[in-house]
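Results of the structural survey
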Amino acid sequence: MTTGTSPDLSALIARMSLPEKIGQLTMVTGHWAVTGPRADPLSLATFRDGSAGCILNLWSPEAMREAQRAASEESRLGIPLIIGFDVVHGHRTVFPIPLGEAASFDPALWQETAAAAAKEAAADGISLTFAPMLDVARDPRWGRICEGPGEDPYVGQVFAVAKVKGFQGRSLDDPARLAATAKHIGAYGATLAGRDYASADLSESDMAEVQLPAFASAVAAGVAAIMPSFNDIAGLPSTANAALLTGLLRQRWGFDGIIVSDYNAVAELIVHGVAADHAEAAALALRAGVDIDMMGGSYSRGLAEALVRGLVTLPEIDAAVLRVLRLKERLGLFADPYRGIGPDAEPARVAHRGLARRAAAAAMVLLKNEAKALPLSSTGGAIAVIGPLAQAADDMLGPWSGAGRAEDCVTLLDGIRAAFPGRTILYEPASGFDSAKATMALAREAEAIVFCGGETRRMSGEANSRGEPDLALAQRRLATKLIATGKPVIAIICCGRPIVLPPVLVDKAAAILVAWFGGSEAGTALGDVLNGHSEPGGRLPVTWPAAIGQIPIYYARRRSGRPADARQHYTSKYLDIPVEPQFAFGHGLGYAPLRFANAQVDRATIGPGQSLTVSVDVVNDGNREGATVAMLYVQDPVASLARPIMLLKRFEKISVAPGAVATVHFTLTTDVFAFLGIDMERIVESGRIDLLIGGRAVEEELLRLTIEVTGGRSHIAAASVRAAVNR
Ligand code: NOJ
């Protein structure tokens, strides 16, 4: 193939042998050589003979040139490679983990960090990222909760659009952008008991209203690729789920991109127990709609045999090949297989450090701030920095570190040192019994203690489910001793999930700040927040449990016929733990005393085709600028199906000058009141709707407006004999 032109793809397919076609559907992995990731000699040979057309886990300009040269200049048909990588929360510059980014509730920022990551990754020769991860997760035992937008489907939708726009830009042939992959469709976030890769078994309405909306938004935003989840729903692994991948995605939603399997997921259909061998596994996946077999385990070994057995047809293979080639064409790879590689990306990386700093501060959630313990004064006595995460550069990278390097990360300790030049910073590297004694001596000597605890990055992410997501025993003991000194303790919690905090910290710490895994500038951003240069910008995108037994816990639960009532025994509660979370969805404190007031709506009724505008004032009673997130939730008190107590439908991050009032406006149409009815159709019902406006999802704290929806169905008449269970 001559470079610089776009081929006639159908004519190209007509020239391809069956092994070459299967090669286009096969993604192999790079490996780690001494100097970094490379395609091994075997992979280079498979690119030359056309038996692999895609690769993952490869980056760096040199390795990319070598691989693309083998495919596009040294193979019979000269078809370039798609090169994929998990550019999830940054590439060389690492941004906060997605759950942390979600906490910033800032779609412009979400888009900006994705665009920056795309730019760095594209310069390294990557063309496809396996991101954004859009699995709504309500179980912090699941390690992968850190990779996504949290518990709320609407946040997931907004996150999806921002990330797709950020990674992909206006056109995929922009050499500074990547094709994005919305993953992992199929209720991966609903994995049972939070155990990774485990089954999901959920209702059709949970699937439609909780798990799928973010994927629908990604498709509407033009996402180039979709990855099905590893797990199964009621026995059907997503990799073989034709109703989901073809019926819903392609036929109903009109998705015309590629579907790429998860790592070895096609071959794992055998282990799931739905395919007897590779030929059956390959046939199930291809017929369900999977175009690319990541790792190639089954397509390369079984697809030809599946054809012989009549389990798949040649037109089905050709259709998948065409979709893969079309993506290569859209990426501009036929015109330039070396698309985007180099020149030196250093200047962009330097520019991205400021963005990383801003994003990390915007993600931090201040859970507690007793007597305005934070921000800390720039002058005063010594500050002791204590705890296992204080000097943990590598952990700041979080679970998907991309091409990030620990040596590029600013540690929490270094950030604090830089932020408080006028105060003595005491620190003792922790190891052994003597250092424990020395640590306590520092604590007693200091005026304030910054405790840096939480999880290491290897405790979150894939295959890192935790049955007991809490603070490790050694840290609980250390925290107890620090509190016992009587000095103010500022607890910094690094984590990939909400972790149950010990009462000693919840009750007695002066402040608790969730810093997640903040990325390359984690420490600098912490310094900015501790000295008050930046607001702690985050609000919880996920409910923070008070006890492990509450999990799964989320704000959008249904009320039940017997809501919890401490005075009534036969109500929905526990004997031994509270029902209320430790911190609600949306919780997070700022430094300025902001409050919501004067909620208004411009009309009292709304019908089909009409819109209404809600406004609310955000008042800053303080003397410093502040920022908060205005949230609008919908409550449907009487419907044909019991609805969640409230559902987030709009949010906006807003800054307010000292002493000023800013007004936020939200425009709504009746689709925000729609839900999946008893007949599994999306319906809007007439009647009362309450709009709850303010911050965190605590019903009694929110401002309430009541409106009337007209022109919808009646909740009584909607009852039907076609109930889902009887179909
Ligand atoms: C497995 C993970 O589930 C998926 O999210 C990721 O993209 C692939 N591995 C490739 O690394």
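All of the points below concern the structure found in this document. Please read all numbers here as calculations on a predicted model, not as lab measurements.

1. Comments concerning the site of the ligand
As a matter of local geometry, the ligand sits amid 13 residues, with D86, R144, K183, H184 and D262 nearest to it. At a separation of 2.6 Å, an oxygen atom of the ligand approaches a polar side-chain atom of R144. Within the side chain of K183, one N or O atom sits 2.8 Å away from an oxygen atom of the ligand. Burial of the ligand by the protein amounts to 95% of the accessible area it has alone, namely 300 Å². A per-class count over the shell around the ligand returns 7 nonpolar, 1 polar and 5 charged.

2. What to know about the nonpolar core
Ranked by internal contacts, the top residues of the largest apolar core, which has 130 residues, are F47, Y299, Y633 and F651. Viewed by domain, this core spans two of them, domain 1 (353-550) and domain 2 (594-726), each represented by three or more residues. In contact with F47, other than residues within four places in its own chain, are V28, A39, A52, C54, I55, A67, A70, A71, S75 and L81. Within the second largest apolar cluster, 84 residues are counted, among which are I97, C146, A390 and I499.

3. Section: the pattern of salt bridges
When their charged atoms lie close together, side chains carrying opposite charge are able to pair. Tallied over the entire structure, the rule returns 35 salt bridges. Across the pair D408 and R92 runs a salt bridge whose closest N-O atoms are separated by 2.7 Å. Of the two residues, D408 sits in the loop between β14 (383-386) and α16 (412-419) while R92 sits in the loop between β5 (82-85) and α5 (98-103), which places them 316 residues apart along the sequence. For the pair D408 and R92, a shared accessibility class is recorded, and that class is buried. If you follow the salt bridges from partner to partner, you end up with E455, R466, D470, R476 and R497 in one network.

4. Thoughts on the sheet that holds β5
Taken in spatial order, the 5 strands of this open sheet run β6-β5-β4-β1-β12, and their pairing is parallel. Strands with a single pairing partner mark the edges of an open sheet, and in this sheet they are β6 (128-129) and β12 (293-294). Summarising the sheet, strand β4 (residues 54-56) and β5 pair through 3 bridges and their orientation is parallel. Paired with C54 across the strands is I82, a residue of β5.

5. Topic: helix α4 (residues 61-72)
In this model α4 runs 16 Å from its N-terminal to its C-terminal C-alpha over 12 residues, within 8% of the 16 Å that 1.5 Å per residue would give. Buried residues along α4 sit against β3 (36-38), α3 (41-48) and β5.

6. A few points about the sheet that holds strand β24 (residues 661-669)
As summarised here, the arrangement of the 3 strands in space is β19-β21-β24, forming an open sheet in which the pairing is antiparallel. Two strands bound the open sheet, and with one partner strand each, they are β19 (594-601) and β24. Each adjacent strand pair in this sheet contributes to an overall mean axis angle of 25°, direction not counted. Of the strand pairs in this sheet, β19 and strand β21 (residues 611-620) are connected by 6 bridges, and their pairing is antiparallel. The residue of β21 that forms the bridge with L594 is N620.

7. Remarks on α3
Within α3, burial applies to S43, L44, T46 and F47. Each buried residue of α3 lies within a common arc of 160° when the element is viewed along its axis, so the set occupies one face. Exposed and facing more than 90 degrees away from the buried side of α3 are P41 and L42. Against the buried residues of α3 lie β1 (26-29), β4 and α4. Two residues or fewer past α3, G50 is found with a positive phi of approximately 80°.

8. Here we look at the packing of aromatic side chains
In this structure the tally under the stated criterion is 10 aromatic pairs. With a centroid separation of 4.9 Å and an interplanar angle of 75°, the aromatic rings of W142 and Y188 are classed as edge-to-face. You can see W142 sitting in the loop between β6 and α7 (153-168) and its partner Y188 sitting in the loop between β7 (181-185) and α8 (204-211), a full 46 residues away along the chain. Among the residues examined, Y188 registers a relative accessible area of 0% and is labelled buried. The ring of Y554 has R138 sitting right over it, with the charged end atom 4.1 Å from the ring centre.

9. Details of the packing of helix α15 (residues 346-363) against helix α20 (residues 522-530)
At a minimum axis separation of 8 Å, α15 and α20 run at an interaxial angle of 55°. The orientation of α15 relative to α20 falls into the category oblique. Between α15 and α20 lies a crossing whose hand is right-handed. Of α20, the residues touching α15 (which contributes R357, A360 and A361) are T524, A525, D528 and V529. Residue composition of the contact of α15 with α20, grouped by class: 4 nonpolar, 1 polar and 2 charged.

Conventions adopted
- Residues numbered from 1 in each chain as written.
- Predicted model: local features only at pLDDT ≥ 70, side-chain atom pairs only at ≥ 80, totals over all residues.
- Heavy atoms only, no water.
- Near = heavy atom within 4 Å.
- Polar contact = N/O pair within 3.5 Å; in protein donor to acceptor, adjacent residues only side chain to side chain.
- Areas by Shrake-Rupley, 256 points an atom, 1.4 Å probe, with all protein chains shown as cover.
- Nonpolar A, V, L, I, M, F, W, Y, C, P; charged D, E, K, R; others polar.
- Core = buried A, V, L, I, M, F, W, Y, C linked by side-chain atoms within 4.5 Å.
- Buried < 20%, exposed > 50% of the residue type's maximum accessible area, 1.4 Å probe, protein only.
- Domains from an automatic or database assignment.
- Contact = heavy atoms within 4.5 Å.
- Salt bridge = Lys/Arg side-chain N within 4 Å of Asp/Glu carboxyl O.
- Helix = DSSP H or I, 4+ residues; strand = E, 2+ residues; numbered from the N terminus.
- Pairing = 2+ DSSP bridges.
- Expected span 1.5 Å × (residues − 1).
- Axes fitted to C-alpha atoms, helices over the stretch in contact; angles between N-to-C directions.
- Arc of directions from axis to C-beta.
- Phe/Tyr/Trp six-rings, centres within 6.5 Å; stacked < 30°, edge-to-face > 60°.
- Lys NZ or Arg CZ within 6 Å of the ring centre and 35° of its normal.
- Parallel < 35°, antiparallel > 145°, perpendicular 65-115°, else oblique.
- Left-handed = near helix turned anticlockwise from the far one by under 90°.

The quantities given are spatial measurements derived from coordinates; they are silent on function.
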